[in-house]
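Coordinates in review
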Amino acid sequence: MASILDEYENSQNTRQGVPQHNRLPNTNIGITHSGFVNVRLEEEKPIFNKQRIDFTPPEKINHLTVCNNQLCMSLGRDTLLRIDLAKSDQPNQIEFGRRDDSKVHKLFLDPTGSHLLISMSTSECLYLNRNTQKARNLSRWRGHLVESVGWNKQLGNESNTGPILVGTSQGIIFEAEISSTEGSLFSTNPDQYFRQVHSLEEDGKPAPVCCIEVERGLENKYFIIATTRKRLFQFVGKLAEGSEQQGFSSIFSQNQDLLPSFQEFPVNMGYSEITFYTSKLRTRPKAFAWMMGNGVLYGQLDCVRPDSLLSDVQVWEYTPDIDLSVNKPISIVLTQFHFLLLLHDRVKAICTLNGQVVHEDVFPDKFGSLKRMIKDPAGGLVWIYTERAVFRYHIQRESRDVWQMYMSMNKFDLAKEYCRDRPECMDTVLAKEAEHCFQNKRYLDSAKCYALTQNYFEEIALKFIEAKQEDALMEFLQKKLSNLKSSERTQITLLVTWLAELYLNRLGQMESDCDTDLFQETREKFRSFLNNSKHKDCLFNNRSTIYDLLASHGNVDDMVYFSVVMQDYERVISHYCQHDDYSAALDVLSNHCDEKLFYKFSPVLMQHIPKKVVDAWIQMGKRLDPKKLIPALMNYSQMGSTQQINETIRYMEFCVYELNVTEEAIHNYLLSLYAKYKADSLLWYLEQAGTRTSDIHYDLKYALRLCAEHGYLRACVLVYRIMELYEEAVDLALQVDVDLAKSCADLPDDDEELRKKLWLKIARHVVQEEKDVKKAMNCLSSCDLLKIEDILPFFPDFVTIDHFKEAICGSLEEYNKHIEELKQEMEEATESAKRIREDIQEMRNKYGVVDSQEKCAACDFPLLNRPFYLFLCGHTFHYDCLLQEVTPHLSSYKQNRLDELQKKLAATTQSSKTRHRPTLKEEGDTASLGKGSTGSREQIKSDIDDIIASECVYCGELMIKTIDKPFIDPLKYEDERSSWL
């Protein structure tokens, strides 16, 4: 028994000879072609797959129930077998231990699988909890044969059932509650209470309650469904918030004054059974099926309806092979789209959508007659048992053929819902829906569906063309276009071009019909189509074709719009310029800020709207190159109006003063404009540009020629001054103003000869041209370089001395003063020379004492071994040590001079050593020569001393200058560092 549910064998022999109606025949939907090829690579598994459990019961199976993976089975007279399907190798067997002749009448298992009610044939009821091993007698239930139980799905848990409803064979409905916990000291019964709440009748007599179900709707609204042999009762009522624990008696009391709502059928087969379909455990059921004498009543459950829970109710009548007198249906189970009907030797599966029998499974006689069928709402498995065998049905892909049924019923939305993952089926449904809409003249809907199918494009397009449905054709083309992939460029190009042609035809027709509103609406759609980002690349690559189409229809406005969409602004601007709409052209330029287009169209726009164009240029700022705009400016400034010239000057001034442009061409052009049209600004521009050549950005020679051509003398003088041509500046300034010439004459500060020459030019001009003696005298006072004798030659002979008597007297006094100053300077020089001679004499007599142990400050060797120097600061150096210390710090010139003196000194020393002893006659000559050579050698030593011994190397200025130099020469650092390693 350990492998009771895991090891089973497929009963293939039970399927031989049994018809399998699990597929609907293919339906012809009227579409001749499809892009899908329906090839079945392997045989599809049946929806209802039966498996026999490898289990041989030791005794006959009386009853079986399953819920929440908990299976309970009644064997023989006194045995109960419990199996947790998750642990099927650990079955639990319980003996009732009863000695009377009672048998198990029915088993009831709650949704949690925890509470088992055992109805006995002796009108007793036992209770067994999943966690206990002993069945307990429910004393309050004694005397009632339980036929049905309505479990509480909201409040029930593993230890307590919550309020439940119990239906008996006498038609009485009781309310009860069972708890698995131990009772109090005085009450040990698991049943908390057991009270009657209602009773059911048929034909005025009590009728057994075959089934009872409790469901909760919205807003604490409860529905209770109870069935007898011929009737189906509904009780509807509300429970107060928080009063669910008090039970359902109030619901029955709410319906006590009125007859309960019920449906009755005439045929009575002695019992009935109702089943519900729930998608998930403990959720609200969605559909029901009631097996009774006249057939099966099935439909949907609608908790929103105020009067009845049942909706879309239909009755499936029994087939002729079901004879109630011989072959009554035993049990029923409802799935999502089928209900299974259990007969004594077979199972029938009926589709709830069309009422057709889609599956029939006949069981062999060797297992005995079928007793009951149960569905586990937790796992969805269907269990069937006989006295000697247990079977299990797996329901797989129940909805795989539902789409065909919905399609045949023209419920296309539902059909598409159930074939979303099967593209070939979806294509069939869409094609059928499209054909259905076309036949019913719903052309737009038909076009939308056709666009999603794989049917031949040409056939569908011709179909709409023949029906003269241009709107539907456009809808079809648009939907087809939106479904194409970006890689399908040829198809996209075809559809885009065709749609553009259709739009243009429609716009032309509407414009001729003067339908303004519809025309505008269609134009908006067309422009939205042109602006669609999905096929923007296609439109761009084929824009010449679209332009040709727009031109052939004469649709200028949309051509401009399309050009903007394609960012073909050159075409847009050209169009506006051709139609003299220069403001619109400038708006396009300003909005899109394309520098190349500015350079191209500015000449035309400057001719007509100069102010707006210059405003646009200024707004562009540094993004425009002013040099590239000069040709247009020069062209129209030469033959344009005053406004154009003023706007040209305004832009040039903006470039110079705001953008700080330093290009020479810009400044030269602005100079030329000032010279021709705005003379008052010319001199101001030259003055503010400065006098330093490095700060000036215009061509000085060009400016000079320009000013000279237009006769602007002051400007020429200013340019001459900047060019430092002072003589030319003074000559030209004298033609304008003497004061201007004077200001020019004072400019060469570092050249007194030139200044005097310039002032003489001014004096000559004043004397000879203006004949003004006072001004000439003023020249003397203005320039300290001029004397009266310098300007006297300029005066004519007839001029009397009275006119410049004061000037002559002043000049003489100045000469006397200068002579006195020279005398004083000579006396000071004589005194200074005298003091110097005294200092020299004193220095000759000055001496210093050197100790015999004194050492050189540089090499630390005894000082008296070699020639040495003694400084006033007390530092002493050998001659060669001092030379070595000082030489690296000498300038190149002094180093060269020192080398030269050392060579001369060596040469004189060598000549004195190699000279032969002279004769008496030669002695005098030699002595004179030796005296000369000795004097030369002493002079050389003196010069060397001046270079190396002018100051102490440790205390003098040399030490201060070398304070920031490193101790080791950077060029010799690596050698020095490596020597230490």
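What counts and what doesn't
- Residues numbered from 1 in each chain as written.
- Predicted model: local features only at pLDDT ≥ 70, side-chain atom pairs only at ≥ 80, totals over all residues.
- Heavy atoms only, no water.
- Helix = DSSP H or I, 4+ residues; strand = E, 2+ residues; numbered from the N terminus.
- Buried < 20%, exposed > 50% of the residue type's maximum accessible area, 1.4 Å probe, protein only.
- Contact = heavy atoms within 4.5 Å.
- Axes fitted to C-alpha atoms, helices over the stretch in contact; angles between N-to-C directions.
- Parallel < 35°, antiparallel > 145°, perpendicular 65-115°, else oblique.
- Nonpolar A, V, L, I, M, F, W, Y, C, P; charged D, E, K, R; others polar.
- Pairing = 2+ DSSP bridges.
- Polar contact = N/O pair within 3.5 Å; in protein donor to acceptor, adjacent residues only side chain to side chain.
- Patch = residues over 30% accessible without salt bridge, like charges linked within 9 Å, V, L, I, M, F, W, Y side chains within 5 Å.
- Areas by Shrake-Rupley, 256 points an atom, 1.4 Å probe, with all protein chains shown as cover.
- Salt bridge = Lys/Arg side-chain N within 4 Å of Asp/Glu carboxyl O.
- Lys, Arg positive; Asp, Glu negative; His and termini not counted.
- Charge placed at Lys NZ, Arg CZ, Asp CG, Glu CD.
- Phe/Tyr/Trp six-rings, centres within 6.5 Å; stacked < 30°, edge-to-face > 60°.
- Left-handed = near helix turned anticlockwise from the far one by under 90°.
- pLDDT = per-residue confidence, 0-100.
- Core = buried A, V, L, I, M, F, W, Y, C linked by side-chain atoms within 4.5 Å.
- Disulfide = S-S within 2.5 Å.

The secondary structure content of the chain amounts to 33 helices and 33 strands. In the chain, which comprises 981 residues, the proportion classed as buried is 44%. Counting only contacts in the chain whose residues sit at least 6 apart along the sequence, the fraction spanning at least 24 positions is 52%.

This next bit is on the packing of helix α5 (residues 443-451) against helix α6 (residues 457-466). In contact at an axis separation of 11 Å, α5 and α6 are set at 170° when each is read in the N-to-C sense. In terms of orientation, α5 lies roughly antiparallel with respect to α6. Only Ile460, Lys463 and Phe464 of α6 make contact with α5, whose side of the interface consists of Tyr443, Ser446, Ala447 and Tyr450. Partitioning the contact of α5 with α6 into residue classes produces 5 nonpolar, 1 polar and 1 charged.

Turning our eyes to something else, we now look at the sheet that holds strand β25 (residues 331-334). Taken in spatial order, the 4 strands make up an open sheet running β25-β26-β27-β28, and their pairing is antiparallel. The sheet is open, and its two edges are formed by β25 and β28 (357-362), each paired on a single side. Each adjacent strand pair in this sheet contributes to an overall mean axis angle of 15°, direction not counted. Bridge count for β25 against strand β26 (residues 338-342) is 4 bridges, and the pairing is antiparallel.

Among the structural elements, Thr112 can be located in the loop between β7 (104-109) and β8 (115-120). Here Asp110 takes part through its side chain, which lies 2.4 Å from a polar atom of the side chain of Thr112.

Turning to a nonpolar patch on the surface, a few remarks are in order. Judged by side-chain polarity, Leu864, Phe868 and Leu870 come together as a nonpolar surface patch covering roughly 250 Å² of accessible area. In this fold, Phe868 is placed in strand β32 (residues 868-870). With a relative accessible area of 32%, Phe868 lands in the partly exposed category.

It is worth spelling out the pairing of strand β17 (residues 211-216) at this point. The buried fraction of β17 is high, at 5 of 6 residues. Across 6 bridges, the pairing between β17 and strand β18 (residues 221-227) is antiparallel. The residue bridging Val214 from the neighbouring strand is Ile224, located in β18. Here β17 folds back onto β18, and the loop between the two strands holds 4 residues, one of which, Glu219, carries a positive phi near 55°.

A word on the sheet that holds β7. Strands in a sheet are paired, the pairing made by backbone hydrogen bonds, and the direction either parallel or antiparallel. Here 4 strands make up an open sheet; going across it, the order is β7-β8-β9-β10 and the pairing antiparallel. Pairing within the sheet leaves two strands with one partner each, and these edge strands are β7 and β10 (136-137). When β7 meets β8, the two strands line up antiparallel, connected through 5 bridges. Note that in β8 the partner of Leu109 across the bridge is Leu116.

Our focus in this paragraph is a negative patch on the surface. Among the surface-exposed residues, Glu821, Glu825, Glu827 and Glu828 lie close enough to one another that they form a single negatively charged patch. One can find Glu828 in helix α28 (residues 805-844).

Our focus in this paragraph is the packing of aromatic side chains. The geometry of an aromatic ring pair is captured by two quantities: the separation of the ring centres and the angle between the planes. Going through the model one piece at a time under the given rule, you end up with 30 aromatic pairs. Ring centres of Phe235 and Phe252 lie 4.9 Å apart, and the angle between their planes is 55°; on these two criteria the pair is classed as tilted. In this pair, Phe235 sits in strand β19 (residues 231-238) while Phe252 sits in helix α1 (residues 249-254), placing the two residues 17 residues apart along the sequence. Across this residue pair, the class does not change: Phe235 and Phe252 are buried.

If you trace the backbone, Ser408 turns up in helix α2 (residues 402-408). For Ser408, a relative accessible area of 49% corresponds to the partly exposed category. Through-space distance from the C-alpha of Ser408 to that of Asn354 is 9.7 Å; in sequence the pair is 54 residues apart. Of the polar contacts made by the side chain of Ser408, one reaches the backbone oxygen of Met405; its length is 2.6 Å.

In this section: helix α13 (residues 569-578). Because each turn of an α-helix spans 3.6 residues, side chains separated by three or four positions in sequence point in the same direction. All buried positions along α13 are accounted for by Tyr569, Val572, Ile573, His575 and Cys577. Close packing links the buried residues of α13 with α12 (556-565), α14 (582-592) and α15 (595-608). Looking one or two residues beyond α13, the residue adopting positive phi is Asp580, at roughly 60°.

Here we take up the pattern of salt bridges. Going through the model one piece at a time under the given rule, you end up with 39 salt bridges. The salt bridge involving Arg130 is made with Glu158; its shortest N-O contact spans 3.3 Å. Here Glu158 lies in the loop between β11 (146-150) and β12 (164-168) and Arg130 lies in the loop between β9 (125-129) and β10, a separation of 28 residues in the sequence. Look at Arg130 and you get partly exposed, because its relative accessible area is 27%. Of the residues examined, Glu158 reaches a relative accessible area of 47% and is grouped as partly exposed. A salt bridge links Asp943 to Arg897; the shortest N-O distance between them is 3.8 Å.

Relative to the assigned elements, Glu433 resides in helix α4 (residues 423-439). Judged by its relative accessible area of 10%, Glu433 falls in the buried class. A distance of 3.0 Å separates the side chain of Glu433 from the side chain of Lys416, its partner in a polar contact.

Attention shifts here to the packing of helix α7 (residues 470-483) against helix α8 (residues 489-513). The N-to-C vectors of α7 and α8 enclose an angle of 150°; their axes lie 10 Å apart at closest approach. As judged from the angle between their axes, α7 and α8 are roughly antiparallel. The handedness of the crossing between α7 and α8 comes out as left-handed. Counted together, Glu470, Asp471, Leu473, Met474, Leu477, Gln478, Lys480 and Leu481 of α7 and Ile492, Leu495, Val496, Trp498, Leu499, Leu502, Tyr503 and Arg506 of α8 form the full contact between these two elements.

Moving on: the confidence of the model for the chain. Model confidence for the chain is summarised by a mean pLDDT of 80, while 85% of its residues fall at 70 or above. Of the regions scoring below 50 in pLDDT, residues 1-34 engages in 79 contacts with residues more than four places distant in sequence or in other chains.

Within the largest apolar cluster, 72 residues are counted, with the highest numbers of intra-cluster contacts made by Leu605, Trp617, Tyr651, Met652, Leu686 and Tyr698. For Leu605, the residues in contact, after removing those within four places along its chain, are Cys577, Tyr582, Ala585, Leu586, Leu589, Pro610 and Val613. By size, the runner-up hydrophobic cluster in this structure holds 41 residues, among which are Phe438, Ile460, Cys538 and Leu550.

To continue, consider the state of the cysteines. By the definition in use, this model includes 0 disulfides. Note on Cys716: no disulfide assigned, nearest cysteine sulfur contributed by Cys707 at a separation of 5.0 Å. Looking at the unpaired Cys859, the closest cysteine sulfur is the one in Cys881, lying at 3.6 Å.

Below, the discussion takes up the environment of Ala287. Mapping Ala287 onto the fold places it in strand β22 (residues 287-292). Among all residues touching Ala287, those that are not within four sequence positions of it are Thr275, Phe276, Tyr277, Gly299, Gln300, Leu301 and Leu334.

So, on to unusual backbone geometry. Although it is not a glycine, Asp312 sits at a positive phi angle of roughly 50°. Locating Asp312 in the fold gives a position in strand β24 (residues 310-316). Its identity as a non-glycine residue notwithstanding, Arg397 has a phi of 45°, on the positive side.

It is worth spelling out the pairing of strand β3 (residues 61-67) at this point. Counting buried positions along β3 yields 7 of 7 residues, so the element is predominantly enclosed. Two strands pair when backbone bridges link them, and β3 and strand β4 (residues 70-75) are joined in this way by 6 bridges, in the antiparallel orientation. In the sheet register, Leu64 faces β4, and the bridge partner there is Met73. In textbook terms, the turn of a hairpin is the stretch between consecutive antiparallel strands, and for β3 and β4 this stretch comprises 2 residues, one of which, Asn68, has a positive phi near 55°.

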